[in-house]
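# Understanding the architecture of this molecule
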Amino acid sequence: MATVTAATAHRRRARAGSRGPAGLAPTALLLVGALYCLFPVAWVLIAATKSPGELFSTSTLSFGTGFFDNVGELFAYRDGVFWLWAGNTLLYAGGGALLSTAVSAVSGYALAKYRFPGRNVIFNLLIGGILVPAVVLAIPQYLLFSKIGLADSHWAVLLPQILHPYSIYLARIYAAAAIPDSLLEAGRIDGAGEWHLLRRVAMPLMVPGMVTIFLFQFVAIWNNFLLPFIMLGDDGKFPLTVGLYTLLAAGANQPTLYNLILTGAFLSIVPLIALFLTMQRYWKTDLSSGAVK
Amino acid sequence: MRANRLGAALAVVLTAALAGCGSGEPAAESTGAARSPAAAPQGPVKLTYWAWAPNMDKIAAVWNKDHPDIQVTVSKQAGGDDAAAKYLTAAKAGNPPDLVQAEYQHLPSFIAADAVADVKAETDAIKGEFTEGLWKLVTLGTDAVYGIPQDSGPMMLFYRKDLFDKHGLKVPATWQEYGEAARQLRKKDPKAYLGTFSSKDPGAFTGLAQQAGAQWWSIDGESWKVAIADEPTKKVADYWGGLVKEGVIDDMPFFTPEWNKALNDGKLLTWPSAVWAPGVLSSNAPKGKGKWAVAPLPQWNAGESFSGFWGGSSTAVSAKTPNKAAATQFATWLNTDPAAIELLVKEAAIYPAATKAQSALGAAPDYFANQPDFWQQAATVSAGARGFTFGPNVGVTYNAFKDGFDKALQSGTPFSSAIQSMQDATVADMRKAGFQLAS
């Protein structure tokens, strides 16, 4: 086994080496891609440092001098409503992603490892669900939530994001690949109950997949605008996206607070970056830490 | 009565617009309308108010202190077209706020959707506080009253006084002179433009058309008349189209980074805009502080003094609120009580709709500190501003404006063809929604 891997790696290296400069093309392409994705982030960072006077008058890529003034002003805006919105966002994204991951992992595991009547119907429905963009559902969801009296509550933003077909689909694929049937069989022979198997055998194996789902959902909810925009009327429940938007579309008869919006946008992506950097290591964990020999 | 029948006819549009969204919410309301709030002794009446004007919560706090029996909670929303869509959706779903800040051009769509209450009985006494032109914007020329005017946006000409002096330009009194000045400036500074025509801001164009005497919509008995492609509008469109084609007027949209930059760099010398422009200029062009001045809008015929409106909003009471009387009482206080208007001017930076308040404005905006008679100028212009009744589908018309003028700018086709496409799109949409149209 070891020799085979070594041989493959060797052959691969040899091939890459023989191709020479041709190998630069993919690297260059990836660099262009990275630049394409990172440039807007860099722009936000630079723009957030500019004072209102510098924003539209200095060169796009030169740093300004007003970053700390901007931050101070943003935190003082409407008695610190930024923190309230940030807290709401954290609640929606953190709570929503946790619940969604739990639901997805359990359903994915059940769909992958148990045979029961209706399994395929459920799975096909989920596939269909992936095809329906969440945006399309926002207004019907709002009308439904209004009917049951939950509109304009925290639940109105949390509940619709917990059930996420794509995450369940991911969890199913992941569970099918990461949890060997033989391991479950061995557990059953040793007398472990199904609940025990789920907690002690299946879930630990699914951690990398669950981290992926958590991150996907966290980012998706963190950035979500339309659902909270439609669902919430009370500005004390707004997440950052909708809150910052009220600064942008504040009516024409008073200054638009561009510097505060940019600083707010920048500050609101900092936690996302931090989250990715810290969660990254879970992706690197050996996928078969529960190994079967 | 006519108004009620009209309202019923207008309601059709909602069914079309929101088809498929379950209906049949009970239309319970109106019975409690006549009751005074004091007659219901079950704790204070609680009202929610959606607004986007800044610091409205502080103003409501002043009211709440003096009126323990009517407590108003302000929820600050994002303004603009999205706010109108959000309110309509909330009204349809059965949980709108009790009060809403409604822009004049969106009010008819609220009325068509039966989302705002008729407050005629409660507002008879304050009718005289507003000019007839503004009052018409909340009645649509019917017997009903659907809101109380809050602010207004009469249009004026804002210009860079320092650069006008430098290039020896005369402040144009007519649009012909404006065109001449535009040509002169191009010769003196080929990098600068006198102004720009924005294909993204139908509101500005609407105001200019109003100045020229356009009447895009009108109500004739039971039916609507749409005349967007009327002579005054075509005249305005062709005028700007000619200047753009000649290359003496730029064609970049307002409120974009490049526009901000041009303002800051002194490459854009005028902006025909509304009275709220100082707020925009101070945030988008902070470098120009103290360098701008204001004059009446150029006229079509020398000696006239007409203007149009760009923006402005009213306070409307939701049709579904159980506390119509209390809500109207608050809206009335907010927009007519001298103390409240003073707060509106100071805290929310609005240009008040109430006539008396307009002439009582004191110090000029900070940005225009060099023009101490700013508000007097505004009041004079305001007196000559004429608006028109907005139709129930302004959104469609405005989108057609953007599409049509974008196309006209790109392909160089005459602006009047864009006007015709606005007319056609508006009429087609109203037909589809079931409105009766007079031909």
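Reading the values: rules and limits
The numbers attached to residues start from 1 for each chain and follow its sequence in the written order. Chain letters and ligand numbers both follow the written order, the letters beginning at A and the numbers at 1. Note on the predicted model: pLDDT of at least 70 is required for a residue's local features to be given, and 80 or more for side-chain atom pairs to be given and counted; whole-chain, interface and lining totals, by contrast, use all residues. With hydrogens and water stripped out, all remaining heavy atoms of the structure feed into the side-chain values. Strands here mean DSSP runs of E at least two residues long; helices mean DSSP runs of H or I at least four residues long; both are numbered from the N terminus. Type-normalised accessible area, obtained with a 1.4 Å probe on protein chains alone, sets the label of each residue: buried when under 20%, exposed when over 50%, and partly exposed for intermediate values. What is meant by a nonpolar core is a set of buried Ala, Val, Leu, Ile, Met, Phe, Trp, Tyr and Cys residues, joined one to another through side-chain atoms within 4.5 Å. Marked domain ranges trace back to an automatic or database domain assignment. Note on definitions: a residue-residue contact is assigned when non-hydrogen atoms from the two residues lie within 4.5 Å. Across the chain, each position has a pLDDT score giving the predictor's confidence in that residue, from 0 to 100. Expected span, for any helix, means 1.5 Å times one less than how many residues it has. Of all possible arcs, the one meant is that of the directions from the helix axis to the C-beta atoms. UniProt positions are given in the numbering used here, feature names are shortened, and annotations may be inferred rather than shown by experiment.

Naming follows an unreviewed UniProt entry, where chain B appears as Multiple sugar transport system substrate-binding protein of Nonomuraea fuscirosea.

In the nomenclature of an unreviewed UniProt entry, chain A is known as Carbohydrate ABC transporter membrane protein 2 (CUT1 family) of Nonomuraea fuscirosea.

## Side note on the environment of Pro257 of chain B
Residue and element names in this part refer to chain B. Considering the arrangement of structural elements, one finds Pro257 in helix H11 (residues 257–264). Look at Pro257 and you get exposed, because its relative accessible area is 56%. Considering only alpha carbons, one finds Pro257 and Asn284, 27 residues apart in sequence, at a separation of 8.4 Å.

## Some points on the nonpolar core
Grouped together as the largest cluster of nonpolar side chains are 188 residues, with contacts concentrated most on Leu194, Trp216, Trp217, Trp240 and Phe405 of chain B. For this core, the domains that each give at least three residues are domain 1 (2–153 + 309–383) and domain 2 (154–308 + 393–432) of chain B. Apart from residues no more than four positions distant in its own chain, Phe405 of chain B is found in contact with Phe197, Ser199, Phe205, Ala237, Phe415, Ala418, Ile419 and Met422 of chain B. Counting 15 residues, the second largest nonpolar core, distinct from the first, contains Tyr109, Ala171, Leu184 and Ile213 of chain A.

## Quick look at the confidence of the model for chain A
Residue and element names in this part refer to chain A. When pLDDT is averaged across chain A, the result is 86; 87% of the residues are at 70 or more. Mean pLDDT across the secondary structure elements of chain A bottoms out at helix H1 (residues 2–19), with 47, and peaks at helix H5 (residues 81–113), with 95. Contacts from residues 1–9, a stretch scored under 50 in pLDDT, to residues over four places away or in other chains number 0 contacts.

## Some points on helix H3 (residues 81–93) of chain B
Each α-helix winds once per 3.6 residues, and so residues spaced three or four apart point in a common direction. Relative to the 18 Å expected for 13 residues at 1.5 Å per residue, H3 of chain B spans 19 Å between its end C-alpha atoms, a close match to the ideal helical length. Positive backbone phi, at 90 degrees, marks Gly94 of chain B, one or two positions downstream of H3 of chain B.

## Focus on helix H17 (residues 394–411) of chain B
All names here are of chain B. When the terminal C-alpha atoms of H17 are compared, their 25 Å separation across 18 residues agrees well with the 26 Å that a helix rising 1.5 Å per residue should span. Within H17, the full set of buried residues consists of Val394, Thr397, Tyr398, Ala400, Phe401, Gly404, Phe405 and Ala408. Axial view of H17: buried residues confined to an arc of 155 degrees, hence all on one face. Among the exposed residues of H17, those pointing more than 90 degrees away from its buried face are Asp403, Lys407, Gln410 and Ser411. Of the residues one or two after H17, Gly412 is the one with positive phi, at around 75 degrees.

## With respect to the UniProt feature "transmembrane region" (unreviewed entry) in chain A
All names here are of chain A. The UniProt record annotates "transmembrane region" (unreviewed entry) at residues 21–46, 90–112, 121–143, 201–222 and 257–277. For residues 201–222, the helix share is 100%, the strand share is 0%, and the end-to-end C-alpha distance is 31 Å. The distance from the first to the last C-alpha atom of residues 257–277 is 31 Å, and the span holds 95% helix and 0% strand.

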